[in-house]
Amino acid sequence: MSVAPEEPEVLDRRLDAAALDRRLDAVWQTPRGLWAALATVDHKIIGRRYIATAFVFLALGGLLAVAMRLQLARPEARVMSADRYNQVFTMHGANMMFLFAVPVMEAMAVYLVPLMVGTRNIAFPRLNAFSYWMYVAGGIVLWGAFVFDMGPDIGWFAYVPLSGPQYAPGKRADIWAQMITFTEVSALAVAVELVVTIFKQRAPGMSLDRIPLFVWSMLVTSFLIIIAMPAIMVASTSLILDRLIGTHFFNPAEGGDVLLWQHLFWFFGHPEVYIIFLPAVGMVSTLVVTFSRRPVFGYLGLVLAVISTGILAFGLWVHHMFVTGLPRLGESFFTGSSMAIAIPSGVQIFCWLATLWSGRPVLKVPLLFVYAFLFTFVMGGMTGVMVASVPFDTQVHDTYFVVAHFHYVLVGGAVFPLMGAVYYWFPKITGRLMSERVGRWVAGLVFVGFNLTFFPMHLLGLAGMPRRVYTYPAEMQWGSVNLFISLSALVLASGFLLFFWDAFRSLRHGIPAGDNPWDAPTLEWATSSPPPSYNFARLPVVSSAYPLWDERDALSVATGLRPDRREVLVSSVADARPEARESSPRNSIWPLWTAIATSIMLVWSIFTPWAVVWGSIPIATALIGWFWPKGVPEDDA
Amino acid sequence: MTARPLRLPALAAVLACGGCGTPWQSALHPGGAQAGGLLDLITIFTAVCGIVWLLVMIVTLLTLRRRRAGIEAPLPRDEGTERRPRRAVQAAVATTVVIIAGLTLLSFFVTRGLTADDPQALVVRVRAYQWWWEFTYQDPRPDQAFTVANEIHVPVGRPVRFLLEAPDVIHSFWVPSLAGKQDLIPGRSNEITLVADQPGVYRGQCAQFCGLQHAHMAFLVIAEPPDRFAAWQVAQRQPAPEPATDEASVGRRIFLARQCAACHTIQGTTASGTLGPDLTHVASRRYIAAGLLPTTRGSLAAWTADPQTLKPGNNMPMVPLGSDELSAVSAYLTSLR
Amino acid sequence: MNERIVLDVSHLTLHGKSSASVTWWGTFAFMLLEGTGFALLIAVYLYLESLASEWPLGAPPPDLGPGSVLTAVLIASLVPNYLIARWAEQENLHKVRIGIVIMTVLGIVPVVLRFYEFPALHISWDSNAYGSILWALLGLHLTHLVTDLGDTVVLAILMFTRHGANKRRLGDIQDNALYWNFVVATWLPIYVCIYWVPRL
Ligand code: HEA
Ligand code: HEA
Ligand code: CUA
Ligand SMILES: [Cu+2]
């Protein structure tokens, strides 16, 4: 047994700050050049890419929304054909949910969580790189298909039999199903990384009651992903099997069942919306604390609220199926459980309000978005409570009322906090502040535009307009309201455009931010902006939930790590007692090869089941390359 | 498409919803007890939730009363000052629990009210196809049963039980002015019971996305006094009238000779296809092609000439006909009252 | 920001064992998500059964032979699996080498047996939903058998190279053993579903 001898001189203790930075950077940096860029496993670089890619998909999905609004602005309009419209709304929904909303939240976490818990890289950094490549490949598959008029046209939840072999000939439904596989593989990978990072790589002293609330949110979100996403994998794989090799999971003529699809989908689909929402909750908590200048009111209550939302999320799925003819008594149970979600949501709202109430709120742009969030999300929550009622829902299910509900909670509940979070963390990521003045315009335009766009949809729904219609007859008299909505959507779009512009401009011309421009309390602000490749020269040690507020003069840190290899601290789950000095893998090109091999297999398997057999050979080869020891210091115990 | 001037007053009325929708397809304009009960429920929920929302917003705005212009040093933690907010939060959570418990109970009792069964009910079997509706009025005497498409008549005051079936994909049966919706699901049978309390024309529309022409899958429910309804029923049971003009009988010959008869049924002729709507009394209906066009001789001709342009992707192919043939067929179809 | 050194971690071990290592938790998380997948597929099986008028649907119950032998082999494999984890823990490379060869063989046998199991079902995947779910259950489990076998083979080769004598690799052996327990554990409910539920 040879264990690398511990040379006392290579420990960081003996080095002065400059020498330490130099040596750490030599070990952790991503060199210049394309190859190194493809091989990097730095969570910050991958996180940045992830965030940028997700926002590209937001812009693309938003453009699709504008296209829909053009078509719907007038009755009997012919901006696009029925076939195109069906692809467009499916692409909009699938893109927004699977390529924007879920990934963007994970992307923020990939960047932020390691910094917030005070470690040097995410757990399983190569898996992280793999996850990003899979995500990009999934996006390319979906959008590539759309460009070639092969975009899915079955709605984002792809109900059978419409998506089955008989009613969806061609490859459009397979594209949808396989896009699911890509995005789920990547989401699951990130979830595993985050769980392990949060459990095992927290700074010494960061016991459970000192974990930043955003990190708590991401922990619960990751568990939701791990438990919910297998359901959609089972569903989409069964669909592909039905379509490709003639199984009968969803064929009632041969013992299958149509509603089985809906159960599987919504067992995933409902938690999915909290997978999007809970990270936003964490962002709101973070912003509220920093900008009301006080520790959060009701830390324990907020944590328990997030956890109980996560648990309850698995008991609600039937509320998407209230009109499918399930037994009424059973449905009423799901009314009760759905409404019960209002309790933890209420706890959160009230704790934030109490924090703001007893704090000294500073209306910087991020907090503006929090107020926009409160206004909008609470309204969306109220309509959620309405549609949770079985009889109420029989009138508004599958109408624009539901479209209004979910945009209020998705855009108001998740995108507004996200935009606030971007204004907040942009300086950390880029070293420059976004413009406070432009930010106010963005917040105003988006807030007003959003409400003018989506509020009238409630009324349209009650006035009988179903969703997913490519047009409507003039005599229904929905025309003027729809025109109003479409015009308002342009205001909303201009707000987003301004947001993108501000971000681009600030990359180069923003005011340099310094380490901690908002005087925020959590660890990501303890390092420089942007952070060095190794995040922290010496790993922080914490003794409170607000380390930078409680120790304003100096940061407590640990020494004793080796600077000549990638080393991180592993700590215990509950009280974050240091347990080991683990090595963290080096950059590697193999995750990219593995992702390419996997992508080829997945796309190929739309056409023949043998792809699974032959396609797994290159995957296995790439995986061996990935894990085979390379004789670097990190291989040592 | 006719260009209409912008109606600015309608835009202004958006918030009041005076300007959106028509009474014949709207949850806000009930024509029966069920939809009326649902509207009451909707009103109560909206009022309660609206008030809660308002209260929360008032508190939200009040949090700004101590706002500062710039970032100051963080406030020290002081357990003493947390007591009042803690009480407030506890009270708010308790109120939330009470309110949602109340709403859940309310919802539960309204649900129970929805499923009242009535042995007196008229029974209609509904089969929803991509993208049209078939209704068969059941009768204990099989020869008295009859089939219509896309338009039904119901007697005012008498419950009608609809047995819902979908031979192809999922559709949803929804007449908002009369009741909530219910899905039609392949391999399963659902049902829904409606009562129209006021005579009138109510429009229903498929609410579940069912493919290309989901947007054009409407039907009409015409509620009329029992005697008018009975008369209608008698008329619908009759076979198709004999063509009264020469042109119409030529039309009938063409109809029976071409593919039409393979898909459509016309009682009293040899046409007995089942892939398309029953046309026995097609001209007695207000619209053709599931709400797409008002029934006129012109629209029947236009539809027959080119269904794929009018309703792209629908399951009726274009059957090539000369213009004389077309005119004759449309004359015949117009005579099917 | 100024720093104040409050802790020295140089004494810590370089490789945490079991719950002190990140790979252990990674394996745990993957078991959780795959276990959910198995649980859902079993739920689908029971759901379809609850809808069907007869069960099994249009076929006699599967033959017990191959499946039961496979079950026995899997259960028997738990013993050497337990031992190899212990030997790895004790850093006894020699015994680990023997154990990993045994585990490779015990990985191959079930894969072979599985190909006798499919015909013993007496139904094809495309006959009806019952056939579909049976094949899906066996197939999903087969992919786990094969991936774990692949992992075992690679580790076996590693053990006979210069990389074998390394705590980190021995940790991998332990995680692989942990995962094999999972593969066996998920099989048991599937075995009951496929072979015994139709006989109830
Ligand atoms: C971020 C995403 C998100 C969030 C957070 C929510 C939150 C909620 N949703 Fe929503 N929902 C969606 C996204 C989301 N939803 C989507 C995407 C769909 C449609 C999918 C599709 O069909 O395409 C949908 C559809 C949907 C349906 C199905 C409707 C239908 O198809 O007919 C239902 C039914 O119960 C529902 C209910 C709820 C409830 C009860 C909440 C609750 O969590 C809300 C709780 C919050 C509050 C209540 C506000 C704060 C609380 C207080 C201030 C306390 C005081 C409150 C009271 C006294 C009531 N949602
Ligand atoms: C997070 C998710 C999310 C988000 C952000 C949005 C955002 C928007 N959505 Fe969407 N929506 C869904 C999720 C989302 N939606 C889902 C799940 C469905 C259901 C789909 C289904 O039924 O299957 C749906 C359905 C849906 C419908 C119903 C379609 C139908 O049923 O027929 C409509 C109709 O108006 C709509 C509108 C909009 C609008 C106007 C926005 C706006 O907020 C968009 C604003 C953003 C922009 C306009 C982008 C602006 C950016 C630029 C202009 C940048 C220019 C480009 C570059 C710089 C490169 N959405
Ligand atoms: Cu039928 Cu929509
Ligand atoms: Cu839901």
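Every chain is numbered on its own, with residues counted from 1 as its sequence reads. As a convention, the first chain written is A and the first ligand written is 1, with the rest following in written order. Residues qualify for local features only when their pLDDT is at least 70, as the model is predicted, and side-chain atom pairs are given and counted only at 80 or more; totals for whole chains, interfaces and linings, by contrast, use all residues. Excluded from the side-chain calculations are hydrogens and water; all other atoms, namely the structure's heavy atoms, are used.

Residues and elements named next belong to chain B. With mixed pairing, the three strands of this open sheet are ordered in space as 4-10-9. Edge positions in the sheet fall to strand 4 (151-155) and strand 9 (200-205), since each of these pairs with one other strand and no more. Neighbour-to-neighbour, the strand axes of the sheet open up by a mean angle of 25 degrees, direction not taken into account. Here, a strand pair is defined by DSSP locating no fewer than two bridges between the strands. In this text, helices come from DSSP runs of H or I with a minimum length of four residues, and strands from runs of E with a minimum of two, each type numbered from the N-terminal end. Sheet topology places strand 9 next to strand 10 (residues 218-224); six bridges connect them, and they run antiparallel. Counted as the bridge partner of Arg203 is Leu220 from strand 10. Here, residues are in contact when the closest pair of their heavy atoms is within 4.5 Å. Note on geometry: axes are lines fitted to C-alpha atoms, helical ones only across the stretch in contact, with angles between N-to-C directions running from 0 to 180 degrees. Set on the sheet, helix 4 (residues 226-237) makes contact with strand 4 and strand 10; between it and strand 4 the angle comes to about 140 degrees.

This part is about the domain arrangement of chain B. Reports of interface size often rely on the accessible area that becomes lost once the parts have come together. Residues and elements named next belong to chain B. Domain extents, as shown, originate in an automatic or database domain assignment. Here chain B is partitioned into domain 1 (1-234) and domain 2 (246-334). Here domain 1 and domain 2 have C-alpha centroids that lie 35 Å from each other. Buried area: the accessible area, evaluated with a 1.4 Å probe, that two parts lose upon being put together, summed over both parts. Buried area between domain 1 and domain 2, both sides added, is near 1,400 Å², and the carbon and sulfur share of it is 56%. We define a salt bridge as a side-chain nitrogen of Lys or Arg found within 4 Å of a carboxyl oxygen belonging to Asp or Glu. Where domain 1 packs against domain 2, one counts zero salt bridges. Under the rule applied, a polar contact is a pair of N or O atoms within 3.5 Å (in protein, one hydrogen donor and one hydrogen acceptor; residues adjacent in sequence only if both atoms are side-chain atoms). Across the domain 1-domain 2 interface, the total number found is seven residue pairs in polar contact (both at pLDDT 80 or more). Going through the elements one at a time, strand 3 (146-149) and strand 10 are the ones with two or more residues in the side of domain 1 that touches domain 2. Under the convention adopted here, Pro, Cys and the residues Ala, Val, Leu, Ile, Met, Phe, Trp and Tyr are nonpolar, Asp, Glu, Lys and Arg are charged, and Gly plus all remaining residues are polar. Of the residues contributing to the side of domain 1 that touches domain 2, the split by class is 11 nonpolar, five polar and one charged.

As a further point, take the site of ligand 1. The environment of ligand 1 is made up of 35 residues, and the closest members are Trp156, Tyr274, Asp393, His397 and His405 of chain A. A cutoff of 4 Å decides nearness: a residue is near a molecule or strand if any of its heavy atoms lies inside that distance of it. Surrounding ligand 1 is a set of residues that belongs to chains A and B. Contact distances for ligand 1 include 3.0 Å between an oxygen atom and a side-chain N or O atom of His319 of chain A. In the model, an oxygen atom of ligand 1 is placed 2.5 Å from a nitrogen or oxygen of the Asp393 of chain A side chain. Elements that contribute at least two residues to the shell around ligand 1 include exactly helix 8 (258-292), helix 11 (342-358), helix 12 (365-387) and helix 14 (400-430) of chain A together with helix 2 (33-62) and helix 3 (83-114) of chain B. Tallying contributions element by element places helix 12 of chain A first for the shell around ligand 1, with six residues. Along the lines of polarity and charge, the residues of the shell around ligand 1 split into 23 nonpolar, 10 polar and two charged.

Okay, the side chain of Thr335 of chain A next. With respect to the helices and strands, Thr335 of chain A occurs in helix 10 (residues 328-340). In this structure Thr335 of chain A comes out as buried when scored by relative accessible area, which is 1%. Residue exposure (1.4 Å probe, protein chains only): buried if accessible area is under 20% of the type maximum, exposed if over 50%, otherwise partly exposed.

This part takes up the coordination of the iron atom of ligand 2. Residue and element names in this part refer to chain A. For Na, K and Ca the donor cutoff is 3.2 Å, while for all other metals N, O and S atoms must lie within 2.8 Å; water is not among the atoms, so some sites may look incomplete. Within the protein, His92 (NE2) and His407 (NE2) serve as the donor atoms for the iron atom of ligand 2, at 2.0 Å. Given six donor atoms and angles of 88 to 179 degrees at the metal, the environment of the iron atom of ligand 2 is assigned as octahedral. Taken together, the positions of His92 in helix 4 (residues 82-116) and His407 in helix 14 put the pair 315 residues apart, joining distant regions of the chain. Using a relative accessible area of 13% as the deciding quantity, one classes His92 as buried. Tetrahedral means four donors with every angle between 85 and 135 degrees, whereas square planar (four donors) and octahedral (six donors) require angles over 155 degrees between opposite donors and between 65 and 115 for all others; sites fitting neither are termed irregular.

On the side of chain B, 96 residues touch chain A, which itself brings 102 residues to the contact. Of the roughly 8,600 Å² buried at the junction of chain A and chain B (both faces included), carbon and sulfur atoms supply 68%. Interface area lost by chain A to chain B is led by Trp357, Arg360 and Gln395 of chain A, which between them contribute 9%. The interface formed by chain A and chain B includes two salt bridges. Its salt-bridge partner being Arg294 of chain A, residue Glu82 of chain B comes within 3.0 Å of it at the nearest N-O pair. Considering every element that reaches the side of chain A that touches chain B, the biggest residue donor is helix 11 of chain A, with 10 residues. The residue makeup of the side of chain A that touches chain B, split by class, is 63 nonpolar, 21 polar and 18 charged.

Residues and elements named next belong to chain A. Counting protein donors around the iron atom of ligand 1 gives one, His405 (NE2), at 2.2 Å. For the pair the iron atom of ligand 1 and the copper ion (ligand 4), the metal-to-metal distance amounts to 4.6 Å. Relative to the helices and strands, His405 resides in helix 14.

What follows is about the confidence of the model for chain B. Mean pLDDT over chain B works out to 90, with 92% of the residues at or above the 70 mark. Across the assembled chains, the prediction reports ipTM 0.95 with pTM 0.95. Every residue gets a pLDDT, meaning the predictor's confidence in that residue, from 0 to 100.

A separate point is the packing of helix 5 (residues 125-147) of chain A against helix 6 (residues 172-200) of chain A. Residue and element names in this part refer to chain A. Relative to each other, helix 5 and helix 6 sit at 160 degrees, their axes nearing to 8 Å. Taken as axis vectors, helix 5 and helix 6 run roughly antiparallel relative to one another. Judged by the twist between their axes, the crossing of helix 5 over helix 6 is left-handed. Residue-level inspection shows Leu127, Asn128, Phe130, Ser131, Met134, Tyr135, Ala137, Gly138, Val141, Leu142 and Ala145 of helix 5 in contact with helix 6, the latter providing Ile175, Met179, Phe182, Val185, Ser186, Ala189, Val190 and Glu193. Here the residues of the contact of helix 5 with helix 6 are counted per class, giving 14 nonpolar, four polar and one charged. Roughly parallel here means an angle under 35 degrees, roughly antiparallel means over 145, roughly perpendicular means 65 to 115, and every remaining angle is called oblique. Less than a right angle of anticlockwise turn of the near helix away from the far helix marks a crossing as left-handed, whereas a clockwise turn marks it as right-handed.

Glancing now at the packing of helix 5 (residues 246-257) of chain B against helix 9 (residues 323-335) of chain B. Residues and elements named next belong to chain B. Between helix 5 and helix 9, the least distance of the axes is 7 Å, while the angle of their chain directions is 100 degrees. The orientation of helix 5 with respect to helix 9, classified from their angle, is roughly perpendicular. Across the interface between the two elements, Glu247, Ala248, Val250, Gly251, Arg252, Ile254 and Phe255 from helix 5 touch Glu325, Ser327, Ala328, Val329, Ala331, Tyr332 and Leu333 from helix 9. For the contact of helix 5 with helix 9, the per-class residue count stands at nine nonpolar, two polar and three charged.

Right, let's talk about the site of ligand 2 for a bit. All names here are of chain A. Not every one of the 31 residues close to ligand 2 is listed here, only the nearest: Arg69, Tyr85, His92, His407 and Arg468. Between Trp156 and ligand 2, the recorded distance is 2.8 Å, taken from a backbone N or O atom to an oxygen atom. Take Tyr400: an N or O atom from its side chain is 3.4 Å from an oxygen atom of ligand 2. Of all the secondary-structure elements, those providing two or more residues to the shell around ligand 2 are helix 3 (43-72), helix 4, helix 14, helix 15 (436-462) and helix 16 (479-509). The class makeup of the residues in the shell around ligand 2 is 23 nonpolar, five polar and three charged.

It is worth spelling out the sheet that holds strand 3 of chain B at this point. Residues and elements named next belong to chain B. Taken in spatial order, the five strands make up an open sheet running 3-2-1-5-8, and their pairing is mixed. In this open sheet, the two edge strands, each paired with only one partner strand, are strand 3 and strand 8 (190-194). Strand after strand, the sheet turns through a mean of 25 degrees between neighbouring axes, direction not considered. Pairing analysis gives five bridges linking strand 5 (residues 160-165) to strand 8, with the strands arranged antiparallel. Residue pairing for strand 8: Leu163 is matched across the bridge by Glu191. Relative to strand 3, helix 4 is tilted by about 100 degrees, and along the sheet it contacts strand 1 (122-129), strand 2 (132-137) and strand 3.

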